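Breakdown of the fold
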Amino acid sequence: MSIFVDENTKVVYQGLTGSTGRYYGLLNRDYGTQVVAGTNPRKAGSDVDGIPIYATVAEAVEKTGATASCIFVPAPFVRDAVMEAAEGGIDFIVVITEGVPAHDEAWFYNKLKRDHPDVRLLGPNCPGLISPGKANIGITAGHIAKPGGPVGIVSRSGTLTYQALYELKQKDIGCTTCVGIGGDPVPGTSFIDCLEAFEADPDTRAVMMIGEIGGSAEEEAAAWIKANMTKPVVSYVAGVTAPPGKKMGHAGAIVSGGKGTAKAKMEALRDAGVRVGQNPTEAGELMAEVVAALG
Amino acid sequence: MDLFEYQGKQFFAAYGMPVSPGEVAFTVEDAVAAAERLGPPVMVKAQVHTGGRGKAGGVKFAATVDDVRTHAANILGLDIRGHVVKRLWIEKASDIAEEYYASFTLDRSAKLHLGMLSAEGGVEIEAVAEENPDAIAKIWVDPVVGLTPEAAAAWVDAANLNPAARDGAIDIVQKLYQAYVEGDADLVEINPLILTPDDRVHVLDAKVTLDANAVFRHPDYEEYDATQSRDEREQAAHAKGLQYVGLDGTVGVIANGAGLAMSTVDVVNQVGGQAANFLDIGGGANAEVMAGALEVINNDPKVSSIFINIFGGITRGEVVANGIIEALSQVDIDSPIVIRLDGTNAEQGREMLAPHLSDRLMLEPTMLDAARRAVSLAG
């Protein structure tokens, strides 16, 4: 099994008519994802390589039965796009767009929680997620992931996610689902949400968790793992040498007031029984050992 | 984007918060002229993007215009935690009865806005939080609901300020919240917020950090972008639109993706070296971006080797290789370059690089091998 999405998930792409949305939307379809619709009020009635364009998400849901949405619209329009998706009946919203203002993120996170508690938001500023061999929603390169199991991956960083998928594939280890939760200050889906889903998924037997500096999501995940997780977890945290007060590329990757250091995160994870690699390669090797021990 | 104190005060004033009249000065003569217009006594305050100004001698009371001349001469050029003072804020001095603290920022863990208010102002809030956490009244605000007048009043009451400050404080915290939200700030902080002997509540200092992602809503913020403190390398990288952070080491780093770039800096450190920078060229890795990145790193005199770490996801290895080869034909690089190229079509990419390899351009199979080579070349 996979978590959140599979081969039956029907996805509408908000921003499919833009160049980035079109590029990845078609790549996702080639991978096997059910890309059933795009939206654009000014291009309703047209199509993108055979994928119908509707004026609104509500109409796309009505006509196609889409349950998931993937958002590629520019940052200024993300807030409205997220609410349009939720109000249109979508229950899984993936926001790839980067550069969304933090106040917008905080607002629509809480608005969804309040008015649409059953909707899951992933991102913004994330690579999306892939259930190898079943569905790929977002910008992950599908062919670097080996389908099957037994590993589930959750990560705050896009390229380190790819690195992890690749390292596992080199070792002939498959992945149930790989979720990129994104590097922004208010991610819609947290490490804990993913750990919980992996813990409940029978095909996932071990989890790779890739963190980075900033915030306290890794520490919270560590506490959750200690209390609830029965499956082995291997982790890597980027940014050990990051100077305080500097945003390291991601808006959320910043050590401020002595908080959010990689060292503290790694200690919390180790304390929770997680095996922590010093670099992505070592994390891959640790996971290979864990998988071998699963038998 | 960090604002100077005076920019922060102008930002607050636009939302109706009471601040003192003042003027910016870049020279001693400017400072003296400003003091004459304002009328002494005035405060002479260093404008730098760091705390600890008072302790460093960057904030002085001037009873007379002559005092202003002396203090301005001393403070201009002063080094405060690595920030050299280039501008002063000359402000009409205020009488202080009591000092408070007020701020709003995002609580990433609660995913709500967090307001902090304390009767113990004028000192570092981290110290108050450490020694006397009960002295800080906290409020978590749901952005959908906002800060209601009732909640603001209850919060102010919980902070145990002087009763004379109650109404003024309730008014100011609501305006502070409005400035925080409408202004797209990551942080708004007033320390100290003062009560004057004649019972007015007044903003005496301002620390504001704005969200660079929200500039599309605030075109006037470009002015602040121009006054950010960046070293020369960071300025050059910023002009090219690169995600760059200057560090102190000798190995120049180029990687695609923020996580991989951070990881690369870490790995350089793990194998005994030190990175000169963090640089994320993003997903594209085309010749133009690569050339720009190499140029920025090449202009850093400390750099003695360069480590290019690329993992091709959607971006294919041959495109990356082509970008590197083209970039090298555009820019003359002084330091040897070590490349690690992995991921999609990495094999083709490495084949394309093969005829260009020399003791100035090397290819290593893994991230660790490449880091070791780059570090040994850096000496």
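Residues numbered from 1 in each chain as written. Chains lettered and ligands numbered in written order. Predicted model: local features only at pLDDT ≥ 70, side-chain atom pairs only at ≥ 80, totals over all residues. Heavy atoms only, no water.

Looking at chain B, the domain boundaries give domain 1 (21–92), domain 2 (98–225) and domain 3 (232–378). The centre of domain 1 of chain B, based on its C-alpha atoms, is set 26 Å off from the matching centre of domain 2 of chain B. (Domains from an automatic or database assignment.)

Residues and elements named next belong to chain A. Partitioning chain A into domains gives domain 1 (10–122) and domain 2 (141–294). One C-alpha centre belongs to domain 1, the other to domain 2, and the line joining them spans 26 Å. Interface area, domain 1 with domain 2, both sides summed: about 830 Å², of which 55% is carbon and sulfur. Counting the surface domain 1 buries against domain 2, the share from its top three residues, Glu105, Arg120 and Leu122, is 53%. Counting across the domain 1 and domain 2 interface gives 1 salt bridge. In this structure, the salt-bridge partner of Asp193 is Arg120, at a minimum N-O distance of 3.5 Å. The interface formed by domain 1 and domain 2 contains 3 residue pairs in polar contact (both at pLDDT 80 or more). Here the element with the most residues in the side of domain 1 that touches domain 2 is helix H4 (residues 102–115); it accounts for 4 residues. (Buried area = accessible area lost by both parts, 1.4 Å probe. Salt bridge = Lys/Arg side-chain N within 4 Å of Asp/Glu carboxyl O. Polar contact = N/O pair within 3.5 Å; in protein donor to acceptor, adjacent residues only side chain to side chain. Helix = DSSP H or I, 4+ residues; strand = E, 2+ residues; numbered from the N terminus.)

This part takes up the interface of chain B and chain A. Each partner contributes residues to the interface: chain B has 46 residues there, and chain A has 56 residues. The largest per-residue losses of area from chain B upon contact with chain A belong to Arg108, Lys111 and Ile314 of chain B, which jointly make up 19% of the total buried on that side. If you look at where chain B meets chain A, you find 4 salt bridges. The shortest N-O distance in the salt bridge between Asp104 of chain A and Arg217 of chain B comes to 2.9 Å. Put simply, chain B and chain A have 20 residue pairs in polar contact (both at pLDDT 80 or more) between them. Sorting the residues of the side of chain B that touches chain A by element identifies strand E8 (112–118), helix H6 (166–182), strand E10 (185–195), strand E13 (243–246), helix H9 (258–270), strand E17 (337–343) and helix H13 (367–378) of chain B as the ones contributing at least two each. If you tally residues by element for the side of chain B that touches chain A, the top one is H9 of chain B, at 10 residues. (Contact = heavy atoms within 4.5 Å.)

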